[in-house]
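These are the residues of each chain, in order.
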Amino acid sequence: MSVSADISRNWQQATTLDELVDGPVVFKSGRRQLAVFRVETVGGPTVYAVDNRCPHEGYPLAEGTVDESCQLTCNWHNWKFRLDDGQCVLGGDNLRRYDVRVEAGGGVLVDLTEATPEQQRAEILGGLRTAFRERDFGRICREITRMHYCELDPLDAVREALRWAHDRFEYGTTHAVAVAADWVGLAEGYDDWERRLVCLAECVDHLAFDALRHSEFAYAKASESEFSTGAFLAAVEAERGAEAEGLVVRGIDDGLHFDDMQQAFAGAALAHYNDFGHSLIYVQKTGELIGRLGPEIERWVLPPLARTLVFATREDQIPEFGDYAATLEAVRSPGTATDTTGALDGESLAGQGVRGCLAWTLDAISRVGPERVEEIYEVLFAANARQMVFYDTDFQDAVDRSVNDSVGWLSFTHALTFSHAVHTVCRQNPALWNAGLLQMACFVGRNQKYQDHSIDAGAWQVEDSTEFFKTVHGVLLDHGLRDPIFSGHLVKTSLAIEKELGEASESTRTWLLSGLNRFLNSPLKQKHVRRLARQAIDLVGRDFE
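Residues numbered from 1 in each chain as written. Predicted model: local features only at pLDDT ≥ 70, side-chain atom pairs only at ≥ 80, totals over all residues. Heavy atoms only, no water.

Draft legend 1. Layout of the overall build of the protein. Helix and strand counts for the protein come out as 20 helices and 11 strands. Seen through its principal axes, the protein has C-alpha atoms that stretch 100 × 60 × 55 Å. Among the 545 residues that make up the protein, the fraction classed as buried is 54%. Taking all contacts inside the protein whose residues are at least 6 apart in sequence as the whole, residues at least 24 apart take part in 71%. (Helix = DSSP H or I, 4+ residues; strand = E, 2+ residues; numbered from the N terminus. Buried < 20%, exposed > 50% of the residue type's maximum accessible area, 1.4 Å probe, protein only. Contact = heavy atoms within 4.5 Å.)

Below you can see the structure in the form of structure tokens.
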């Protein structure tokens, strides 16, 4: 059959059988570069054609080695591929192979017909799934890049990663889901592929890290009862996980979306000082992520969110935050505001512990009225930002302090990401402002004792915020941190501050930028080897004294 007779396929002559006697031939056609091999078998010569560039790092496979079983070895890093189907048997990514036809005269034709978008998507996502299971960051980058150059939607990599990971979260939503909202948002702001790729690969990598080697933890089936805010709040409060999950699954089945359930999620998150503020951050970021990736991900992110609200630690049950519940109850039934125009003295927060900061916030809410809640918010937000500037890093580096005083940078950055979540969620649900402000006060009071006021705050001031954030984004895109929990807090904190700057007062802006500047330029201890060893000895050793 002639080449022109098979018009549905793109056959091109690459070489001849005779030319292949002396070794493989490299055939170039446009952007493609193929390696064509002749392998002698019992039935006669067999010809194979594959991409010449190794999918690992691009080493020319024509310089590789083919054994008697038609297995091709890349001599650069010993990756091995089957020539008949391109499957990688040692290494990672599969190798693209091409159909070959040998004509009567010995001409070797290769089929350069492009795969359909559906075929390309299926093949790439198959490779990405393998990279995800193995948490192979290099391959994650390569597979997402293949999506980009095949003109597929690279955001599908994140959508699929959420699907692959969601039922591997024993206790529900993790930082990986929350941070995905920030990485995707950051990617949307860039117009070059390199920076967008970094952001999307970070999303998938963090989800892979949190799901790595975890068993499947199935979610409850849809409840027989319809979703309602009251039923959901009651289930979470009573820690009835299956019931809470089932209500959410039923809501999704009934066509409800996050916006329909957001009030219930936010109310549950702020019902207690939950998990050091993580609960509200997860609610806010889950909503943001759905807004960026579409409602098709709701089935993969909303049941985990319900689960994490049930399992959340309730910090207000420990003595340090024991005044929170009573203060929240007091502020729910305030009298008439007595000083609607008076100034808010944020300086009086200095030196106050949790009880004092809760009392200050209760007084402020009761005195100035609900119309000025955002002013109270800014005072507390600025106080949390100020504490970043004066954080005593000796607490991070110490190996001989108590468990209660094992306080690192993330305790301070978390106060700002939580504050941003309060600002976002409470604007949408004004009835939750009081709880949000009181929990911000808990951060301020808790972190007071970890301050070093001998630090020169002026040394960390930022003169040009635009230039500063160019540097910040450079750090985010090449952070060099191995564990994604740390890079996650880096991006969450940076973007929360960047978003809040537009509405902040000049004084608050100064503290926000100074705090972020100091954080980015301070060592971040990722593993506390001696501290954990000593704490283990102190705890376990008591039973043997």
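Draft legend 2. A look at a nonpolar patch on the surface. Nonpolar side chains collect at one region of the surface, where Leu539, Val540 and Phe544 lie side by side and expose about 350 Å² of accessible area between them. Within the secondary structure, phenylalanine 544 is located in the segment after α20 (529-541). (Patch = residues over 30% accessible without salt bridge, like charges linked within 9 Å, V, L, I, M, F, W, Y side chains within 5 Å. Areas by Shrake-Rupley, 256 points an atom, 1.4 Å probe, with all protein chains shown as cover. Salt bridge = Lys/Arg side-chain N within 4 Å of Asp/Glu carboxyl O.)

Draft legend 3. Structural detail: helix α3 (residues 155-165). Within α3, 10 of the 11 residues are buried, which leaves the element mostly enclosed by the surrounding structure. Residues of α3 that are buried make contact with α1 (117-134), α2 (137-149), α4 (175-188), α5 (193-211), α9 (278-293) and α10 (298-311).

Draft legend 4. Spatial organisation of the pattern of salt bridges. Counted according to the given criterion, the structure contains 41 salt bridges. Put simply, arginine 159 and glutamate 296 hold a salt bridge, and the shortest N to O gap is 3.4 Å. Here glutamate 296 lies in the loop between α9 and α10 and arginine 159 lies in helix α3, a separation of 137 residues in the sequence. The salt bridge involving glutamate 245 is made with arginine 307; its shortest N-O contact spans 2.9 Å. One end of the pair, glutamate 245, is in helix α7 (residues 241-253); the other, arginine 307, is in helix α10, with 62 residues separating them in the sequence.

Draft legend 5. Fine view of the packing of α9 against α10. At a closest axis distance of 11 Å, the pairing of α9 and α10 adopts a crossing angle of 175 degrees. As the angle between them shows, α9 and α10 are arranged roughly antiparallel. The residues of α10 that touch α9, namely those facing Ser279, Tyr282, Val283, Thr286 and Ile290, are Glu298, Val301, Leu302, Leu305, Thr308 and Leu309. (Axes fitted to C-alpha atoms, helices over the stretch in contact; angles between N-to-C directions. Parallel < 35°, antiparallel > 145°, perpendicular 65-115°, else oblique.)

Draft legend 6. Focus on the side chain of glutamate 160. Assignment of secondary structure puts glutamate 160 in helix α3. The class of glutamate 160 is buried, set by a relative accessible area of 15%. Discounting residues that sit within four places of it in the chain, glutamate 160 has contacts with Arg121 and Leu125.

Draft legend 7. Region of interest: the sheet that holds strand β8 (residues 88-90). With antiparallel pairing, four strands are arranged side by side in an open sheet as β5-β6-β7-β8. Only two strands of the sheet have a single partner each, and these edge strands are β5 (65-66) and β8. (Pairing = 2+ DSSP bridges.)

Draft legend 8. Structural detail: the side chain of arginine 159. By relative accessible area, which is 13% here, arginine 159 ends up buried. A polar side-chain atom of arginine 159 sits 3.0 Å from a polar atom in the side chain of aspartate 153. Discounting residues that sit within four places of it in the chain, arginine 159 has contacts with Asp153, Leu293, Glu296, Ile297 and Trp300. (Polar contact = N/O pair within 3.5 Å; in protein donor to acceptor, adjacent residues only side chain to side chain.)

Draft legend 9. Main features of the nonpolar core. Of all hydrophobic cores here, the largest spans 141 residues; its most connected members are Ile144, Phe232, Phe265 and Leu302. Ignoring anything within four residues of it in the chain, the contact list for phenylalanine 265 reads Phe232, Val248, Phe258, Val283, Leu302, Leu305, Ala306 and Leu309. If you look at the next biggest cluster of nonpolar residues, it comprises 16 residues, including Val39, Leu61, Ala62 and Phe81. (Core = buried A, V, L, I, M, F, W, Y, C linked by side-chain atoms within 4.5 Å.)

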